[in-house]
Structures are given as C-alpha cells and as structure tokens.
Amino acid sequence: MQGIVIKSTGAVYWVQPLDDRQEPIECRIKGNFRIKGIRSTNPVAVGDKVTIEQQADGTNWLTDIAPRTNYIIRRSTNLSKQTHILAANLDQAALLVTIAHPATSTTFIDRFLATAEAYNIPAILLFNKIDLLTPTELNTLKEWQTLYESLGYTTRAISALQLDQKALTPLFEKKVTLLSGHSGVGKSTFLNAITGKELTRTAAISDAHDTGMHTTTYSQMYHFGNGWLIDTPGIKGFGAVEMEKEEISHYFREIFAIGRHCRYDNCMHIGEPHCAVQEALAENKIAPSRFNSYLSLLGDCDEAKYR
Ligand SMILES: Nc1nc2c(ncn2[C@@H]2O[C@H](COP(=O)(O)OP(=O)(O)O)[C@@H](O)[C@H]2O)c(=O)[nH]1
Ligand SMILES: [Mg+2]
Ligand SMILES: [Zn+2]
C-alpha cells in the first residue's frame, strides 16, 4: 500500500494511505533501512512517499521509499555533524516571522531563505502578530516587507489570532508547505486558524524568556486545501549544511546577480579588488542586513572546518 508519512517520533511512523482510507496507519521500519548518501538521524521523514506492508500479526512495516523531489535538513544539534531531515517533497516553505514577541532577526530570516534557495524551494515570509506591534515596529515591518518583496519573495502581514483565512488560502492550496519559525511565533496558532481546527496545542509565551514553550517536538503534516501544511519543531536556526563556501553567495539573490559584475569569477566579496558587491553595498543597493547574513553563513563554513 502507498502512503505519505505525516508524522514520526523516530521509532514510529504514521502513514496516511493514498486510497480513500481516512485513518493514518502506524508503521515501523527495519533497523537496516538506509538511504544512500544521507547521513541523517532519521532515514524517513515527514512528506516521504512510502510503501507499507502489513504482517500476519497485524503490524505494519515501511518497506520502500520513493525518490525525493527535495528535502530540507538541519543539524541535529550545534555540536554534532549529524543532520536531521525536517521534511521531504516540498512545494514551498513558509517562515513565520515576528518583529517582536519574540523578535526574529534578519539573519535568521536570511539563513532560512538561503536554505530554501539551496534546495530550490520557493519561500514565503509571513509576518505574524502584527496586532502587537508599536508604530516603530510597524515601520520595521514595512521596511522588511519592502526589502524581501524587492528580492522577489512573497510576504504577508498577518495576525494568527484574527486570521483572514480566505485571503491566505490561495497561497497554500494544493501545495505541500513547510511551516517554520522560532518557537513562540505562532505556528500552532496559525495552523489552527487556517484549518479551522484545533490541531495542535499552542503555548503561552513564558514571561522569563519571551519565547513559547516547546510543545511541538516532531514535524507533523496536516491536510489543508487539498495540500499539506507541515509544522516543524522549534527551530533554533538554519545553517550552511551541505553548502560549499564558494556557493553561498548564490543563495542570496541580489548578491548573486550583482556578483556577476565582480572582476574575479570566484570573488567572495570580502575585500577583493573591483568587487561589484562591495560597490553596491556602499551605494546602498544591497541591504547591509543581507550582506551581514551572507557573512554569517560564510562563518559557518569556517567553523565546520575546525570541528
Ligand atoms: N497577540 C497575538 N498573539 C499571538 C498571535 N499568534 C500567536 N499568538 C500567541 O503566541 C503564543 C505562541 O503561539 P504558538 O502558536 O504556540 O507558537 P509556536 O511555538 O510557533 O507554535 C500563544 O500564546 C499564542 O496565543 C498573534 O497573531 N497575535
Ligand atoms: Mg507549536
Ligand atoms: Zn565581489
């Protein structure tokens, strides 16, 4: 039987059969089940299309996995070299961003966007909790939306607590969307609001840290608008996993475009002579925040070398 993995805890996988059956089936995988070339803590991820076989005793085994169109990964922890596949077979990735409560940094946004570019996955920015913003923060919101729209990214300013479901539905219809963002930005609230169901628990912001409690531990997929939304666990950050230092500038659209005019083909834009990117920075044609994020991703690669 064919199905799609909608949730996994590591040991157990819930597979939604592709036939008319409504209930997900609980499955396990054999210990030696491996996928070549991917060193990850989870061989099968949410979004994977799989084959399952029922045994005589009624248990279900996951026996085969279809080739992935794409997948998105993060490092398991800061210390380990192992990676964790967040989700597979995505049509797009949406990042929930809050200007405040909690604050999301542009570096975090740009790392997410660069990761999406690296995997060739279209990205959307959803600025949430706009009901809480002060006039100054609303200005920041406008600036950030202008910046990212100018780079070609779709953005929306929303309040998950008063969601205009109709206006947002077309963004997600018939697509598999990874939903990501810092813990506490309102992912679960958003999922509940857009699907109109109480799917996942939401957590009150803890006063001490101004971030939400970790109520979501595993990626999970929810059916919505003939497509799927994937809630991902509180992500601390995206990084240059599987990225070569020389290619990082390719994942910053404007740096890549302008960088073609640098004198040297292999210019890293960090002090080489006749660097078009440095010139554009000086003329404010590239946002300093974007260039800083680029430097931050370059830094990941240096760090990785010494690990
Ligand atoms: N004022 C306001 N609060 C929100 C909004 N969206 C979420 N919250 C609150 O933010 C807290 C964290 O939300 P939650 O959905 O658990 O965040 P998650 O960790 O990203 O899943 C909860 O107390 C929500 O009620 C919003 O648009 N406006
Ligand atoms: Mg949550
Ligand atoms: Zn350059």
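This structure is a prediction, so every number in the text was calculated from the model and none was measured.

Q: Sorry, what's going on with the overall build of the chain here?
A: The secondary structure content of the chain amounts to 7 helices and 15 strands. For the chain, the proportion of contacts with a sequence separation of at least 24, taken over those separated by at least 6, is 63%.

Q: Sorry, what's going on with the nonpolar core here?
A: Most often, soluble globular proteins have nonpolar side chains that are buried together. By size, the foremost hydrophobic cluster in this structure holds 67 residues, and its most contacted members are Ala45, Ala87, Leu95 and Leu178. Of all the elements, helix α1 (residues 106-118) adds the most residues to this core, at 6 residues. Setting aside residues no more than four positions away along its own chain, Leu95 makes contact with Ile109, Phe112, Ala123, Leu125, Leu126, Ser180 and Gly181.

Q: Got a minute to help me understand unusual backbone geometry in this structure?
A: Between His101 and the following residue, Pro102, the backbone shows a cis peptide bond with an omega angle of -10°. In this fold, Pro102 is placed in the loop between β8 (92-97) and α1. One non-glycine residue, Asn120, lies in the positive phi region at around 60°. Looking at the element boundaries, Asn120 is found in the loop between α1 and β9 (123-127). With 9 C-beta atoms counted inside 10 Å, the residue Asn120 sits in the exposed group. Phi at His269 takes a positive value of approximately 65°, unusual for a residue other than glycine.

Rules used throughout
- Residues numbered from 1 in each chain as written.
- Chains lettered and ligands numbered in written order.
- Predicted model: local features only at pLDDT ≥ 70, side-chain atom pairs only at ≥ 80, totals over all residues.
- Helix = DSSP H or I, 4+ residues; strand = E, 2+ residues; numbered from the N terminus.
- Contact = placed C-beta atoms within 7 Å.
- Core = buried A, V, L, I, M, F, W, Y, C linked by C-beta atoms within 7 Å.
- Buried ≥ 20, exposed ≤ 12 C-beta atoms within 10 Å, placed from the backbone.

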